[in-house]
Amino acid sequence: MNLTTEAPSVEQMQQGGIMDEESAYLGPGIRCVLFTLENEVYGIPVRKIREVLRVGAIRQVAGATYGVLGVINVRGVIVTVVDARILYNMPSREIDDLSRIIIVELDGERTVGILVDFVMEVKDIPEDKIESLSGSKDKASRYIQGIAHFQDDVIILIDVDNMFLGVD
Amino acid sequence: MDEEILQDFLVEASDLVDQLNEQLVDLENSPTDSDLLNAVFRGFHTIKGGAGFLAITPLIEVCHRAENVFDKIRNGDVEYDAAVADVILRAFDVISDSIEQLNDGARELPENDPLLLNELDALTKGQVVEGAVKESLSTEKTNEPILELPEGVDPDGEISDEEFEALLNQRDGKMASRSEDTPALTLPEGVDPDGDMSDEEFEALLEQRDTLKAASPSADSTPSTLTLPEGVDPDGDMSDEEFEALLQQRDALKSSPPPAVKETEPDVEKTPPPVVSKPAKKTAPANKSTKPAAKNTPESTVRVDTKRLDEIMNLVGELVLVRNRLLTLRGKESSREDISNAVANLDHVTTDLQASVLKTRMQPVKKVFGRFPRVVRDLARKLGKDINLELEGEETDLDKNLVEALADPLVHLVRNSVDHGVEMPDVRAAAGKPKVGTVLLAAKQEGDHILLSITDDGKGMDPDVLRQKAVEKGMMDEVAASQLDDQSAFELILSAGFSTADQISDISGRGVGMDVVKSMITKLNGSIEIHSVLGEGTQINIKVPLTLAILPTLMVGFDEDSYAIPLTSVQEIFDFNPEQTNKIDGQVMVRLREESIPLYFLNEWLAPNNPKESYKGDKVVIVSVGNQRAGLVVSQVNGQEEVVIKPLGVMLKNATGYAGATITGNGSIALILDLPGVVSRFQ
C-alpha cells in the first residue's frame, strides 16, 4: 500500500474515546480505501488493492471498449485503466492533480486500474453497518456490494470482482 | 494420496508416456530390437512402480499386464505384430488418458475395461483377441504342460470351482517339475513360502530373477499358462458360465496382493495365468464413454537444465555488479568514459541474460513430433495404406509456447498428407511408385526462423482442378482464376470454405479446415507455403519465428503515439505520393510495380479525433498479410526495435488489431499491431 493515511487501529480508537457514538461499536469490519466520484464516497476493500498511483501517461488504445481509458506501464506490466465515472454513468472529467489510479487485483494474475477523482483515506467499516443491495440488478448496481452509513458518510462499497466479471 | 509425490509421479509419467508413444510405433518397424523392447518394458514398469506407490489401481492393472506382454515379447515367446500392437496401443492410450486425467485434477480413475485386461492377458499367452473369436485355443504352444481332466468329469459339462482348482494344482505341479532347468529363486530363510509376501520381499525376488535371467539368458522363464481341459472343443462355443468361472479363478489368483509366489515358480507374477481368449460379447467396453473431452491445458511447468540456471544466476550476479558500479558512479562526479563503460557492460550482461532466459523457454520440436508416428500409424492402418513417416531435425529448439501452438496445425497437415496425399498401395503400384508411401516431417532453424515442412510423395495437387473449383465456389471469375499462377492456385486450399474433397472423411474433416491452420500460423507471425507436383507429391512449408516472446518490429507513429509492426511482415517502405494513388470502388490503391495494393490510412482508425488535412510527408509501409499485400500509411517511421511482447490487460485482450503492447526505450507504451486484425478493421 502506498497510502500514507492509515486508519487508526482498533485499540487507538477504543482508548482515545473521542469517537462518536457510531464508532463505539467495532465488530468485525472491512478495511476499505475510500475515494470520491462526483462528491460521493466509494470504498474498495483493501485486500483487493495492490497500490494507488498518481496519474501518469495513459496510452490510449483505439477501438477499446467504452470506459477503457487506455493502458499504463506499472513496472513492466501493462495494466488497463478504466474510468470509474464512465462505468457509473457519470460525466467524465478532466484528470487533475488529485486524480488517482487504484490498481485492483482481480482473480489471480489479472489487475486493472480504476481512475477516481480523489482518494480520501483507509477506514474500517463495521460489517453490520453495511446494507447489501438487493432487488435492483441494473448494470450500475451490479457493481455495488452494499451501502454503509458510517460516521456521517454514506459509503458505496464496490464489488470489484463483479465489476470485471466475464471480461477478459 | 500425497499430492507432492503424485505431482512428481505425473511429471515423470508424462515424460514416459511421451517416450513410449514414440517407442511403441518404432517397435512395430523393428519388433526384435531388444534395446527398444527393454526400454518399453522399463517404461511400463516405471509407471507401474509409481502408480503402485500411490495405489492407483486401474493404472497398475494395465501397466502390469502390458509389462507382462513385453516380458514375453522380449523373451521371444510372443511376436510384436500389428495385431498385438493394436491391443498394446489401446492399453497405452488408457495409461496416457489416466495420466492426463490425473493431471487435470482427477484423483479417482474409472475401472478398467475388463475386455482390454483380458486381451492383454491373452497376449501373454501369445493369443490375440480381436473382438470376435479369432484365435483358437489349439494354437497353444506345444511345450506347455497339458493338464488332464480327472476321470469321470464330463468335459462338455460345466466346470466347477473345485475342478478348476484341481486343474490349477495340477498345473502347478507340472510347472514345478518342469522348472528344473530354470534357475530357481530362493526365498530368504525364515520366510514362510505359503504366507503372504511383502512388497519388499517380492521386489527382492524380482531382482533375483532378473539377475538370474541376465546370467543365463537361455534359461528363459517357462510360460505358465492354462489350457482348456482335454475334451473341450477348442473351437466350440464356451458357455458364459464357463467363461465366468475361468475369469473368477483368474481374478482370485491375481488379486491377492502381494501375490503368493512359490519358490519353484519363477514367473508367476510376470505371467499370470491368462484367461481364455473367448470374451463374451456382453463384456463390451463399458467405460469408454467416460473418457473426458480432451482439454488443451498448456503445461505450466518447464524442465530446465541446471547448467542453464547456473548460467542465468551467474549473469544475474554480473548484473548486480554493474548496478553497484552505476550506483557508485552516480554519487560522485564521474567521467563520461566511466559511465559509458558501465553502460556498455550493462548492455552486454542484459543481452546475454535475455538470451539465457529465452533458452529456458526453448524445447526441442521433438515434443510435437513425438506424437506423429502414432497418428500416422493409426491413420494408415485405418485407411489401409502403407506409410512410412520420417522425422528430421527433431532436436531443433523452439519456444515452449510455439511448440504447443504448432501441435494442432501440424496434426491437421500430417493427417491431410496421409489421407489425401498418399495414395492406396495398389494405386501407387500402378503409378510405378513404391507401395509404401513416405511422409517426411522436418524442422530446421533458418536464421531467426524455424522452417517446418511436411512432404509426401503422394498424388500431388492439380492446379487446374483448384482453379476450376475456385470458379465453381464463386470465389473468382474464370479470367481471374486462369491468371493465377500455380503457386497461388495451391494456396487457394488455404481459403475458408474451399474443400476439394467431395466427401469429407472423418479423418481430415475434423472441423479444422486449412483456413484455420493458416490463421493459426499467421497468429504465430508465421507463413505457410505450398508446393506440389501432380503425381509426385506435395510439400507444405511453415515458417515461424524462433520465439514468441521477442519480436523484431518496425516502429511507426503518429505524433507521440508509437505502434510496432512485426518486421517479418514488412516488405518495403516509401514516401506517400498522392499522385501514385487512385480510387477503385471506394478503396484507395497505390500502384507498385504493376500491382495495385490497397492503402489503409492508419490514423483514421488510431487517431480518429484529429483528422489530417494532408498526408504529405507520410510514409507507406507495405506489409504482407497472409497471401495479400497492403499499404499502411503512417506519419513517421521510427526504425527497427526488438520488443518484448506483453499482453494487453483486462478488457483489451479481444480488441481487434492489436497483438499486445510493449514498453519502448523511453519508458512509454507502444502497441503492437496485429496485421490481419488491422486489415479486417478496414474492410
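A quick note: this is a predicted structure, and the numbers were derived from the prediction, not measured. (Residues numbered from 1 in each chain as written. Chains lettered and ligands numbered in written order. Predicted model: local features only at pLDDT ≥ 70, side-chain atom pairs only at ≥ 80, totals over all residues.)

Attention now goes to the overall build of chain A. Within chain A, the secondary structure is distributed over five helices and 11 strands. Expressed as a percentage of the 168 residues in chain A, the buried residues total 31%. Contacts in chain A between residues far apart in sequence, at least 24 positions, make up 55% of those at least 6 positions apart. (Helix = DSSP H or I, 4+ residues; strand = E, 2+ residues; numbered from the N terminus. Buried ≥ 20, exposed ≤ 12 C-beta atoms within 10 Å, placed from the backbone. Contact = placed C-beta atoms within 7 Å.)

Helix and strand content of chain B: 20 helices and 18 strands. Taking contacts inside chain B between residues at least 6 apart in sequence as the whole, the part at least 24 apart equals 71%.

The next subject is the pairing of strand β1 (residues 29–37) of chain A. Residues and elements named next belong to chain A. As paired strands, β1 and strand β8 (residues 118–126) are joined by eight bridges and run antiparallel to one another. Residue pairing in the sheet places C32 in a bridge with K123 of β8. Pairing analysis gives six bridges linking β1 to strand β2 (residues 40–45), with the strands arranged antiparallel. Residue pairing across strands places L34 opposite G43, the latter belonging to β2. Where β1 folds back on β2, the antiparallel hairpin that results is connected by two residues, among which E38 adopts a positive phi of roughly 50°. (Pairing = 2+ DSSP bridges.)

Another aspect to go through is the interface of chain B and chain A. Many authors give the size of an interface as the accessible area that is lost as the parts come together. Contact with chain B, which involves 21 residues of that partner, is made by 21 residues of chain A. Elements with a contribution of two residues or more to the side of chain B that touches chain A: α19 (602–606), β17 (658–663) and β18 (669–673) of chain B. Partitioned by chemical class, the residues of the side of chain B that touches chain A number 13 nonpolar, six polar and two charged. (Nonpolar A, V, L, I, M, F, W, Y, C, P; charged D, E, K, R; others polar.)

What follows concerns the sheet that holds strand β11 (residues 153–158) of chain A. All names here are of chain A. Spatially, β8-β1-β2-β11-β10-β9 is the arrangement adopted by the six strands of the open sheet, whose pairing is mixed. Single-partner strands in this sheet number two, and they are β8 and β9 (130–132). Adjacent strand axes in the sheet meet at a mean angle of 35°, parallel and antiparallel pairs treated alike. (Axes fitted to C-alpha atoms, helices over the stretch in contact; angles between N-to-C directions.)

Attention now moves to the confidence of the model for chain A. Per-residue confidence for chain A averages 77 on the pLDDT scale, and 76% of its residues sit at or above 70. Taken as a whole, residues 1–23 of chain A scores under 50 in pLDDT and shows 24 contacts with residues more than four places along the chain or in a different chain. (pLDDT = per-residue confidence, 0-100.)

On to the packing of helix α2 (residues 34–54) of chain B against helix α3 (residues 57–74) of chain B, then. Residue and element names in this part refer to chain B. Contact geometry of α2 with α3 gives a least axis separation of 9 Å together with a crossing angle of 155°. Taken as axis vectors, α2 and α3 run roughly antiparallel relative to one another. Seen from above, α2 lies across α3 with left-handed handedness. Side by side, α2 and α3 meet where S34, L37, N38, V40, F41, F44, H45, I47, K48, A51 and G52 of the first sit next to L59, I60, C63, H64, A66, E67, F70, D71, I73 and R74 of the second. Classifying every residue of the contact of α2 with α3 gives 12 nonpolar, five polar and four charged. (Parallel < 35°, antiparallel > 145°, perpendicular 65-115°, else oblique. Left-handed = near helix turned anticlockwise from the far one by under 90°.)

Attention now goes to the sheet that holds strand β9 (residues 561–566) of chain B. Residues and elements named next belong to chain B. Strand order in the open sheet formed by five strands is β16-β8-β9-β18-β17, and the pairing between neighbours is mixed. On the outer flanks of this sheet lie β16 (636–644) and β17, each paired with one strand and no other. The sheet shows a mean angle of 35° between the axes of neighbouring strands, taken without regard to direction. Examined bridge by bridge, strand β8 (residues 550–558) and β16 share eight bridges and lie antiparallel to one another. Pairing of L551 across the sheet is with V643, part of β16.

The phi dihedral of N89 of chain A falls on the positive side, at around 55°, and the residue is not glycine. As for its position among the elements, N89 of chain A is in the loop between α3 (84–87) and β6 (100–105). Backbone geometry at R593 of chain B places phi at a positive 45°, although glycine is not the residue there. Structurally, R593 of chain B can be placed in the loop between β12 (587–592) and β13 (595–601).

Residues and elements named next belong to chain A. The topology assignment puts I102 in strand β6. Residue I102 is classed as buried on the basis of its C-beta count, with 24 C-beta atoms lying within 10 Å. For the pair I102 and V52, spaced 50 residues apart in sequence, the C-alpha separation works out to 4.5 Å. If sequence neighbours within four positions are ignored, I102 has contacts with V33, F35, I44, I49, V52, G113, I114 and V116.

A separate point is the environment of H420 of chain B. Along the chain, the position of H420 of chain B falls in helix α13 (residues 400–421). When the C-alpha positions of H420 of chain B and K459 of chain B are compared, they lie 8.2 Å apart, and in sequence the two are 39 residues distant.

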